[in-house]
Protein chains: 2
Amino acid sequence: MFGDERTAAESPKAQIRRRVTPAMVTFLAGGTGTPKLLDGVEAAFDPAEVTVVANTGDDVELGGFLVCPDLDTVLFAGGGVLDRETWWGIDGDTTAAHDELRRLADAADLATGPRYLPPDRQTAGRRIARWRRFSGVAEFMEIGDRDRAVHITRTSLLDEGHTLTDVTRTLADAFDLDVTLLPMSDDPVATIVHTDEGAMHFQAFWVARRAEPTVEDVEFRGAGTAEPTPAVRGALDAPIVIGPSNPVTSIGPIRALPGVDDALAATPVVAVSPFVGDEVFSGPAADLMRGVGLDPSTAGVADAYPFVDAFVLDDGDRTDLDRPVVRTDTRIDDERDARRVVDAVADALAEVT
Amino acid sequence: MFGDERTAAESPKAQIRRRVTPAMVTFLAGGTGTPKLLDGVEAAFDPAEVTVVANTGDDVELGGFLVCPDLDTVLFAGGGVLDRETWWGIDGDTTAAHDELRRLADAADLATGPRYLPPDRQTAGRRIARWRRFSGVAEFMEIGDRDRAVHITRTSLLDEGHTLTDVTRTLADAFDLDVTLLPMSDDPVATIVHTDEGAMHFQAFWVARRAEPTVEDVEFRGAGTAEPTPAVRGALDAPIVIGPSNPVTSIGPIRALPGVDDALAATPVVAVSPFVGDEVFSGPAADLMRGVGLDPSTAGVADAYPFVDAFVLDDGDRTDLDRPVVRTDTRIDDERDARRVVDAVADALAEVT
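None of the values given here were measured: they were computed from a predicted structure.

### Observations regarding the relation of the copies chain B and chain A
Here is step 1 of the chain: Rotating chain B by 180° and moving it 0.0 Å along the rotation axis overlays it on chain A with an RMSD of 0.0 Å. In symmetry terms, the pair is related by a two-fold rotation axis.

Below, the structure is given as structure tokens:
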């Protein structure tokens with residue numbers, strides 16, 4: 001399967017005569033779309049040559065520890081412990097601490113909505129947690145007990161003086177990850193959703209408000225002065241795969257870092273559309289794209305991604321694009337699906353490298 | 001039982017003809033000695049009139065949240081959820097997060113001893129956690145899952161801008177405490193044990209090193225500039241009961257606050273010796289007293305407590321003191337024992353008020 005010769009039966013695969021899978025490849029990941037795709041990565045790539053750059057704009061500090069949902073989905077999936085019903089958290093985890101946090105708040109009559117720390121605390125404390133620091137009272141995001149241990153370990157290692165990149169490597173070791181997992185930056189970037197009900201961090205919008213407020217704009221606070229890490233810069237020299245992640249809040253924060261779009265323009269990039277035409281597979285991508293003025297469709301994704309050299313679209317997606325397209329069934333419900341889509345990604349990459 | 005007349009049969013109780021239990025009374029608490037005594041408080045006092053001032057020198061910040069063992073033992077005992085085998089933590093609590101913290105540290109080959117945050121972090125971050133800030137990696141103290149929720153709630157309320165006094169009141173409400181529980185101060189005080197193996201926070205000495213290093217001195221860092229709260233100052237105007245707590249590390253930090261010893265000298269004080277002669281009931285009191293140059297005995301306690309007006313000693317304790325003594329069986333294994341000792345405390349208080 002890896003670097004073999006074969007003949008594809010139907011157009012546009014018919015054009016592909018010899019597929020050369022690049023030695024190194026970098027996936028940009030956020031939310032659940034790209035992690036689901038990564039389940040099939042071995043169909044076409046050597047995991048030892050795969051780097052995953054994860055969005056950290058969704059991260060929050062909650063009750064004193066840093067939660068990195070997009071790093072953790074990859075970490076837990078790669079470690080074989082992900083809850084694959086929800087695609088976040090650890091399978092079979094308990095919620096004793098979370099339940100007690102809710103009970104205590106109820107018993108003490110404390111409000112249970114997202115409790116931002118006061119404005120002066122948003123830029124005090126750990127630098128990486130800026131602009132998304134929440135009290136743990138009532139814990140508006142459900143954190144499992146084992147999951148919590150990961151956040152505490154991560155936060156403690158940060159407090160000991162390590163970077164998020166270092167810490168992520170340590171956790172990847174602990175979970176026996178076979179790909180290289182990198183946070184997009186060691187600097188703070190906070191995804192703030194501006195809505196008709198005011199500005200709120202992405203997690204407050206998504207978890208607490210279930211994406212109900214109308215999106216008016218999306219801001220990546222801190223991104224202008226944050227730096228992609230040297231490891232990320234290096235990884236962006238390789239061919240890039242953007243999985244079917246939300247282009248606004250999963251991929252947007254990575255792209256908002258200085259130099260990333262230029263790096264993407266300079267290397268072969270394949271993207272898997274998270275839409276089938278104008279139908280999204282899951283998540284808040286449509287509302288968020290609409291909110292930032294993009295058409296919530298494959299065509300809108302293509303407009304948002306001028307640096308993408310080839311797309312993988314669903315068989316049922318008849319969008320006519322100005323760039324090479326490889327079609328397959330892009331719905332990913334299990335590893336078999338993931339391998340099929342990874343195979344299509346490799347086909348698309350072969351076409352543009 | 002409350003304010004009744006009765007005749008005691010044997011000396012020195014024979015001297016007591018009428019016991020006037022004061023309306024308000026304040027217990028100084030730390031460790032397990034005084035909390036055990038408080039189990040019987042209703043034998044002689046109206047809980048609504050009882051204030052408990054708890055030591056906070058033992059507190060640590062661990063993995064980002066503030067653990068207050070001496071406050072929590074009173075909180076959990078009063079709330080009916082204390083683990084009465086260990087006299088810390090919540091009965092029947094699970095340890096899923098703690099176990100995973102240990103597993104992660106093991107898997108990532110991280111040292112499991114107490115991990116102090118770097119020196120520059122000891123005085124950064126939350127002011128109240130100064131000089132006792134530990135990384136949560138491998139979590140050298142076992143924190144239960146429900147227990148952890150208490151620490152997170154407390155820490156989050158502190159981060160929201162409340163004082164430890166406010167937060168303790170909120171938690172006391174949540175646990176339906178019937179006495180008033182006060183931290184000794186809203187300022188940082190850290191009990192540092194100086195040993196032949198170097199200086200270490202009390203919890204590192206007691207929990208991690210099981211009191212094995214030889215104690216050379218005990219320091220209450222910060223106490224010179226910390227303030228007892230107004231609520232504590234008010235409570236020190238009432239008659240005082242010092243339970244059978246360790247005089248050095250349980251009561252010492254309270255006494256180290258400016259003005260406390262003067263307040264104790266100005267009000268009636270009864271103390272229950274944690275010794276029977278020179279035998280201590282439990283804990284590291286003997287080693288710590290020796291370490292600070294006190295005789296590890298009831299006589300040494302009396303020397304350390306010049307402001308105590310009357311003592312409650314065990315029937316088997318023949319120490320000859322220069323102050324009034326009420327004797328009873330001072331071993332406290334259950335509530336019945338506690339009520340008996342509280343009764344003796346009330347007898348002693350009646351003698352000096």
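This is not the end of the story, as more comes after the structure.
### Re the side chain of Arg-126 of chain B
Here is step 1 of the chain: Relative to the assigned elements, Arg-126 of chain B resides in the loop between α4 (119-122) and β5 (133-134).
Here is step 2 of the chain: For Arg-126 of chain B, the side chain forms a polar contact with the main-chain oxygen of Gly-64 of chain B, separated by 2.7 Å.
Here is step 3 of the chain: A polar side-chain atom of Arg-126 of chain B sits 2.8 Å from a polar atom in the side chain of Asp-159 of chain B.
Here is step 4 of the chain: When sequence neighbours within four positions are dropped, the list of residues in contact with Arg-126 of chain B reads Gly-64 and Arg-121 of chain A together with Glu-61, Gly-64, Phe-65, Thr-155 and Asp-159 of chain B.

### Looking at unusual backbone geometry
If a residue is not glycine, its phi is most likely negative; likewise, a peptide bond is most likely trans.
Here is step 1 of the chain: One non-glycine residue, Asp-176 of chain A, adopts positive backbone phi at about 55°.
Here is step 2 of the chain: One can find Asp-176 of chain A in the loop between α6 (164-174) and β6 (180-183).
Here is step 3 of the chain: The class of Asp-176 of chain A is exposed, set by a relative accessible area of 66%.
Here is step 4 of the chain: Of note in this structure, Trp-131 of chain B is not a glycine but carries a positive phi near 70°.
Here is step 5 of the chain: Summarising the element assignment, Trp-131 of chain B is placed in the loop between α4 and β5.

### Quick notes on the interface of chain B and chain A
Here is step 1 of the chain: Contacts between chain B and chain A engage 36 residues on the former and 36 residues on the latter.
Here is step 2 of the chain: Across the chain B/chain A interface, buried area totals approximately 3,100 Å², and carbon plus sulfur atoms make up 64% of it.
Here is step 3 of the chain: Where chain B touches chain A, the interface holds six salt bridges.
Here is step 4 of the chain: We note a salt bridge from Glu-160 of chain A to Arg-115 of chain B, for which the minimum N-O separation is 2.7 Å.
Here is step 5 of the chain: Taken together, the connections running from chain B to chain A amount to 10 residue pairs in polar contact (both at pLDDT 80 or more).
Here is step 6 of the chain: Those elements that provide at least two residues to the side of chain B that touches chain A are α3 (96-107), α5 (145-159) and α6 (164-174) of chain B.
Here is step 7 of the chain: At 11 residues, the largest contribution of residues to the side of chain B that touches chain A is made by α5 of chain B.
Here is step 8 of the chain: Looking at the side of chain B that touches chain A, its residues break down into 18 nonpolar, eight polar and 10 charged.

### Looking at the sheet that holds β5 of chain B
All names here are of chain B.
Here is step 1 of the chain: An order of β4-β3-β5 is seen for the three strands of this open sheet, with the pairing classed as mixed. Of all the strands in the sheet, just β4 (65-67) and β5 have a single pairing partner and so form its edges.
Here is step 2 of the chain: As paired elements, strand β3 (residues 60-62) and β5 share two bridges and run parallel to each other. Within β5, the position partnered with Leu-62 by the bridge is Phe-134.

### Observations concerning a negative patch on the surface
Here is step 1 of the chain: Taken together, the side chains of Glu-42, Asp-46, Asp-173, Asp-176 and Asp-178 of chain A present a region of like negative charge at the surface.
Here is step 2 of the chain: Along the chain, Asp-46 of chain A falls in the loop between α1 (33-38) and β2 (50-54).

### Topic: the side chain of Asp-147 of chain B
Residue and element names in this part refer to chain B.
Here is step 1 of the chain: Relative to the helices and strands, Asp-147 resides in helix α5.
Here is step 2 of the chain: Here Asp-147 occupies a buried position and makes no salt bridge, while the nearest side chain of opposite charge, Arg-154, is found at 6.0 Å.
Here is step 3 of the chain: Sequence-distant contacts of Asp-147, that is, excluding residues within four places in its chain, are made with Asp-72, Phe-76, Gly-89, Ile-90 and Asp-93.

### Re the packing of aromatic side chains
Here is step 1 of the chain: The final tally for this structure, using the stated rule, is 12 aromatic pairs over all chains.
Here is step 2 of the chain: Taking 4.9 Å as the distance between ring centres and 55° as the angle between the ring planes, the aromatic pair formed by Phe-134 of chain A and Phe-140 of chain A counts as tilted. By the burial criterion, Phe-134 of chain A is buried, and Phe-140 of chain A matches it.
Here is step 3 of the chain: Through pairs of rings, three or more aromatic residues link up here, namely Tyr-116, Phe-134 and Phe-140 of chain A.
Here is step 4 of the chain: Directly above the ring of Phe-175 of chain B sits Arg-103 of chain A, whose terminal nitrogen or CZ lies 5.4 Å from the centroid.

Reading guide: rules and limits
- Residues numbered from 1 in each chain as written.
- Chains lettered and ligands numbered in written order.
- Predicted model: local features only at pLDDT ≥ 70, side-chain atom pairs only at ≥ 80, totals over all residues.
- Heavy atoms only, no water.
- Least-squares fit on C-alpha atoms with pLDDT ≥ 70 in both.
- Helix = DSSP H or I, 4+ residues; strand = E, 2+ residues; numbered from the N terminus.
- Polar contact = N/O pair within 3.5 Å; in protein donor to acceptor, adjacent residues only side chain to side chain.
- Contact = heavy atoms within 4.5 Å.
- Buried < 20%, exposed > 50% of the residue type's maximum accessible area, 1.4 Å probe, protein only.
- Buried area = accessible area lost by both parts, 1.4 Å probe.
- Salt bridge = Lys/Arg side-chain N within 4 Å of Asp/Glu carboxyl O.
- Nonpolar A, V, L, I, M, F, W, Y, C, P; charged D, E, K, R; others polar.
- Pairing = 2+ DSSP bridges.
- Patch = residues over 30% accessible without salt bridge, like charges linked within 9 Å, V, L, I, M, F, W, Y side chains within 5 Å.
- Areas by Shrake-Rupley, 256 points an atom, 1.4 Å probe, with all protein chains shown as cover.
- Lys, Arg positive; Asp, Glu negative; His and termini not counted.
- Charge placed at Lys NZ, Arg CZ, Asp CG, Glu CD.
- Phe/Tyr/Trp six-rings, centres within 6.5 Å; stacked < 30°, edge-to-face > 60°.
- Lys NZ or Arg CZ within 6 Å of the ring centre and 35° of its normal.

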